[in-house]
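Close look at the chain arrangement
Chain by chain, the residues:
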Amino acid sequence: MVCIAVLSVMLSVLCSCTPQSEEDRFIDNLLSRMTLEEKIGQMNQLDPSWDSEVKEQLIREGKVGSVFNIVGAEQVNRLQRMAVEQTRLGIPLVAARDVIHGFRTIYPIPLGQAASWNTGLVEQAARLTAQEAAAEGIRWTFSPMVDVARDPRWGRIAEGYGEDTYLASAFAAAATRGYQPSIAACVKHFAGYSASEGGRDYNTTWIPETLLRDVYLPPFKAALDAGAMSVMCSFNDLNGLPSSANHHLNVDILRDEWQSDALLVSDWGSGSDLVPHGLCADKKEAALRCINARMEMDMQANIYTDYLAELVREKKVDEKQIDVCVRSILRMKYRLGLFEHPYVSEQKPAPYSEQALVTATQLAEESAILLKNNGILPLRDNLRILLCGPMADQPKEQLGTWVFDGEPDHSVTPLNAFLTHTDNPDAHIRMVAGLSYSRDRNTTRFAEVERAAREADVILFFCGEEAILSGEARCRADLNLPGAQAEMMDMLSATGKPVVMVVMAGRPLTIGKQVEQADAVLYTFHGGTMAGQALYNLLTGKAVPSGRTPVTFPKMVGQVPLYYNRHNTGRPSYDPPMLIDSIPVGCPQFSIGQSSYWLETPTEPLFPFGYGLSYTTFMYNDIEVLPVEGQANHYTVSCCITNTGDRDASETVQLYTRQLSGDLVRPIRELKGFEKIHIPAGESRTVRFTLTPEQLAYWHERKDNCESRVWLATDTALFQVWIAPDSRCATVPDTLRINL
Ligand code: BGC
């Protein structure tokens, strides 16, 4: 067994011997001159856009460490002058904002970004986002959100990178690298927030320590390893303890084990939420629980400003605890260069640079997943095209959730793109929306759509969800297309004309029936400013679809949570299982067998994780696993991939493993690597992955005399290995085995 935990202890010993840095000297010196009140002021983050006079007075009194939701170089500089020029120590503010998937130029929602499987492009989008935001005075974003989400009912699935830990970790690191150093990243929500019971936001989570460490924590660690300067607590109670008061998460793991010096900020009011949670009787007790769990900055709740000094006077809190927190805050400001350059230039570069728009277009293209194609796509020239559906021309809705600064006026909708960019002067483009918005139930305009459909050669049906239906507190108990969209699809399909369904949504929807009805399906999530342009490029063949599902698509909501890296159970589903309508009347209890599935549906999803089609086809050959010379238990896994079609295109090659025996049951598939490669038509490329024992490690737990101990280790076991185009690993005939 390889015990990796020992490494972190060795590291901490090394760290304690290093001489004091310039940064430490600066912070120590400043801290030694601060009063208790000034220190507590630094721990206060507020939104001065509300009730500004009182709050500006607080800034002048040195009682604010960070402001948020103030946008614009002039506005930020004005407040900054109060902090730098009118307070005793002149400590600069750090201006924060939720810049989640773009500032002015909006990129696809993070779930869509994950569908690109292109970390370089996501890093580039984050870099351009940070530049646009920094020009307006923002130096701290509350992103990336890296909560691994296995439940599409949960509205915040839109904000993260999907259901897989490895994929989310890759994007967590990429986004962090992109944001910094222009603005500080804040990896959130620490931790387990996405496992809320029933997919209902803010709800309770129960996550065993080993699952927490295997599935939910690695993306946080990846962002921190990439240098993320801050971390945000989550709202949920995790095994009964809300994160803001969770010493185990915030100290044992984040500080002691990971040795992170990133600033830990609460979520909005998550400190005072300890009262409604039922953990604390009042806010003063909440402040005590939070400081004892080392929540370092209080976003909006005022529990530190109101009670910390009193708690110190009462000797319930040691001032040294406060120093530790303030040190983190000053450190982040120091690393952002705010002490040297507190102000932002008011000669700001214009947003929507050509580079930003090109990147937004490319990312929106790569985020779209071709789920089905009977051959209608790419569209031939000279077709009479009908655009219809509630999302065909919605400049605001296509931007998605968490957009504060993006301007719908700059959105290119599918309709704009088809009207503006069609090169062919004879093209026949017509638009009849039929429904005004995604929840619209008014079908009176269907007759007009139907008439137009009958005159068209192809129907492009833009459906999905408006932006407001996903994101924070926007959970759904029903994953069908809302409003009368399913009825609209019935009507379109009945015309007998080819229908291309384009879905813009904040989550995977249960669209099995519509997929059957459609001739082609392109799933784009919410694609941002350039979504329409990207869709136009894809539909007309100017770009080739390359998106892959970052999350499993269920057939029906009752299957949820449904994710690819599940356990097999001791009684995997029979193939085919006996479904409800095929059970004979009066059938004896056990005569149809006992296996793991639902009577309405087998365990199979509508679309598996990692899935997506192209306008070309790829062949996987010569899959090989070879030991790496001189490195015990290291393997090179390689495969030759040939583009067998007539279009140059990108393929996302995926490496999966399954452990077949061991100390604990392991998932049926686990993603261990991926590479998106461009292969010209007719050419082949060899892709190589290295598989190390560390990649095959997982968290073990033992309870001795009720004391629990966890450790990361790799079992001596047999593993299956696949290189495949998606998580079914079905198209590759030979699976390979390695023995560790
Ligand atoms: C959300 C965070 C967000 C914060 C600040 C909270 O409600 O959970 O993700 O960063 O608000 O707007």
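Residues numbered from 1 in each chain as written. Predicted model: local features only at pLDDT ≥ 70, side-chain atom pairs only at ≥ 80, totals over all residues. Heavy atoms only, no water.

Moving on, we come to the overall build of the protein. A count of helical and extended segments in the protein gives 21 helices and 25 strands. Projected onto the principal axes, the alpha-carbon positions of the protein cover approximately 75 × 60 × 55 Å. Evaluated residue by residue, the protein yields a buried proportion of 60% over its 740 residues. For the protein, long-range pairs separated by at least 24 residues make up 76% of all intrachain contacts whose partners lie at least 6 apart in sequence. Split by element, the accessible area of the protein, about 28,900 Å² in all, is 50% carbon and sulfur. Here the protein contributes 68 positive and 91 negative side-chain charges, whose respective centroids are spaced 2 Å apart. (Helix = DSSP H or I, 4+ residues; strand = E, 2+ residues; numbered from the N terminus. Buried < 20%, exposed > 50% of the residue type's maximum accessible area, 1.4 Å probe, protein only. Contact = heavy atoms within 4.5 Å. Areas by Shrake-Rupley, 256 points an atom, 1.4 Å probe, with all protein chains shown as cover. Lys, Arg positive; Asp, Glu negative; His and termini not counted. Charge placed at Lys NZ, Arg CZ, Asp CG, Glu CD.)

Further remarks concern the packing of helix H9 (residues 209-216) against helix H10 (residues 218-225). Interaxial distance between H9 and H10 falls to 6 Å at its minimum, and their mutual angle equals 50 degrees. Classified by the interaxial angle, the pair formed by H9 and H10 is oblique. Within the contact between the two elements, H9 uses Leu-212, Arg-213, Asp-214, Val-215 and Tyr-216 and H10 uses Pro-218, Pro-219 and Phe-220. Along the lines of polarity and charge, the residues of the contact of H9 with H10 split into six nonpolar, no polar and two charged. (Axes fitted to C-alpha atoms, helices over the stretch in contact; angles between N-to-C directions. Parallel < 35°, antiparallel > 145°, perpendicular 65-115°, else oblique. Nonpolar A, V, L, I, M, F, W, Y, C, P; charged D, E, K, R; others polar.)

The local shell around the ligand holds 13 residues, among which Asp-98, Arg-156, His-189, Asp-267 and Glu-472 are the closest. Here an oxygen atom of the ligand and a side-chain polar atom of Asp-98 are 2.4 Å apart. A distance of 2.7 Å is found between an oxygen atom of the ligand and a side-chain nitrogen or oxygen belonging to Arg-156. Surface burial for the ligand is 93%, taken as the share of its 310 Å² of free accessible area covered by protein chains. By residue class, the composition of the shell around the ligand is seven nonpolar, one polar and five charged. (Near = heavy atom within 4 Å. Polar contact = N/O pair within 3.5 Å; in protein donor to acceptor, adjacent residues only side chain to side chain.)

Across all of its chains, the model carries 47 salt bridges by this definition. Linking Lys-63 and Glu-61 is a salt bridge whose minimum nitrogen-to-oxygen distance equals 3.1 Å. The shortest N-O distance in the salt bridge between Arg-384 and Asp-457 comes to 2.9 Å. Within this pair, whereas Arg-384 is found in strand E12 (residues 384-388), its partner Asp-457 is found in the loop between helix H18 (446-454) and strand E14 (458-464), the two being separated by 73 residues in sequence. (Salt bridge = Lys/Arg side-chain N within 4 Å of Asp/Glu carboxyl O.)

Right, let's get into empty space enclosed by the protein. One way to see where empty space is left: roll a probe the size of a water molecule over the atoms. Throughout the structure, instances matching the rule amount to four cavities of 30 Å³ or more. As for the largest cavity, its lining consists of Ile-100, His-101, Gly-102, Gln-113, Val-122, Ala-125, Ala-126, Thr-129, Tyr-161, Ala-175 and Tyr-179. Contributing elements (two or more residues each) for the lining of the largest cavity: helix H7 (119-135) and helix H8 (165-179). No other element matches H7, which puts four residues into the lining of the largest cavity. Split by residue class, the lining of the largest cavity holds seven nonpolar, four polar and no charged. (1 Å grid on protein atoms, 1.4 Å probe; cavity = no way out; pocket = protein on both sides within 12 Å on 5 of 7 lines; lining within 4 Å. Points joined across faces, edges and corners; volume = space filled by probe spheres on them.)

Turning our eyes to something else, we now look at the domain arrangement of the protein. Annotation of the protein at the domain level lists domain 1 (42-335), domain 2 (354-539) and domain 3 (618-738). If you average the C-alpha positions of domain 2 and of domain 3, the two centres end up 36 Å apart. (Domains from an automatic or database assignment.)

What follows is about the sheet that holds strand E6 (residues 230-233). If you walk across this open sheet you meet the three strands as E5-E6-E9, and the pairing is parallel. Looking at strand neighbours, the two that pair on one side only are strand E5 (186-190) and strand E9 (263-265), the edges of this open sheet. On average, each strand axis in the sheet is tilted by 25 degrees relative to the strand beside it, whichever way the strands run. The pairing of E6 with E9 spans three bridges and is parallel. The residue bridging Met-232 from the neighbouring strand is Val-265, located in E9. Across the sheet, helix H11 (residues 247-257) is in contact with E5, E6 and E9; its angle to E9 comes to roughly 160 degrees. (Pairing = 2+ DSSP bridges.)

The next point concerns the pairing of strand E20 (residues 670-679). Among the ten residues of E20, eight are classified as buried, and the element is accordingly described as predominantly covered. Note that strand E19 (residues 649-659) and E20 share nine bridges and pair antiparallel. The residue bridging Glu-651 from the neighbouring strand is Ile-677, located in E20.

As a further point, take the confidence of the model for the protein. Looking at the protein as a whole, the pLDDT averages 94, with 96% of positions reaching at least 70. Confidence, expressed as mean pLDDT per element, reaches its minimum in the protein at helix H1 (residues 5-16) with 46 and its maximum at helix H6 (residues 110-115) with 99. Confidence over residues 1-15 falls short of pLDDT 50; this stretch has 15 contacts with residues more than four positions distant or in other chains. (pLDDT = per-residue confidence, 0-100.)

Moving on: the layout of surface pockets. Of the pockets and cavities examined, the second largest pocket occupies roughly 540 Å³. Surrounding the second largest pocket, 29 residues form its lining, Pro-561, Leu-562, Tyr-563, Arg-566 and Trp-598 being those nearest its centre. Counted by class, the lining of the second largest pocket contains twelve nonpolar, ten polar and seven charged residues.

This brings us to the nonpolar core. Core analysis: the biggest nonpolar cluster contains 157 residues, and Trp-140, Tyr-304, Ile-322, Leu-460 and Leu-539 have the highest contact counts within it. The greatest single-element share of this core, amounting to eight residues, is contributed by H7. In this structure Leu-460 touches Leu-379, Ile-385, Leu-386, Leu-387, Cys-388, Phe-418, Val-500 and Leu-539, once residues within four positions along its chain are discounted. Counting residues in each nonpolar core, the second largest holds 46 residues, with Phe-235, Ile-369, Ala-453 and Ile-511 among its members. (Core = buried A, V, L, I, M, F, W, Y, C linked by side-chain atoms within 4.5 Å.)

Another point: the packing of aromatic side chains. Across all of its chains, the model carries 22 aromatic pairs by this definition. Centre to centre, the rings of Tyr-523 and Phe-525 are 5.2 Å apart; their planes meet at 70 degrees, and the pair counts as edge-to-face. On the basis of relative accessibility, which here comes to 0%, the residue Phe-525 falls in the buried class. Residues Tyr-523 and Phe-553 carry aromatic rings whose centres are separated by 4.8 Å and whose planes lie at 85 degrees to one another, so their mutual orientation is edge-to-face. With Tyr-523 in strand E16 (residues 520-523) and Phe-553 in the loop between helix H21 (531-539) and strand E17 (618-627), the pair connects residues that are 30 residues apart, well separated along the chain. Given a relative accessible area of 0%, Tyr-523 falls into the buried group. Aromatic rings pair up to connect Trp-117, Tyr-166, Tyr-564, Phe-609, Tyr-656 and Phe-674 into one cluster. (Phe/Tyr/Trp six-rings, centres within 6.5 Å; stacked < 30°, edge-to-face > 60°.)

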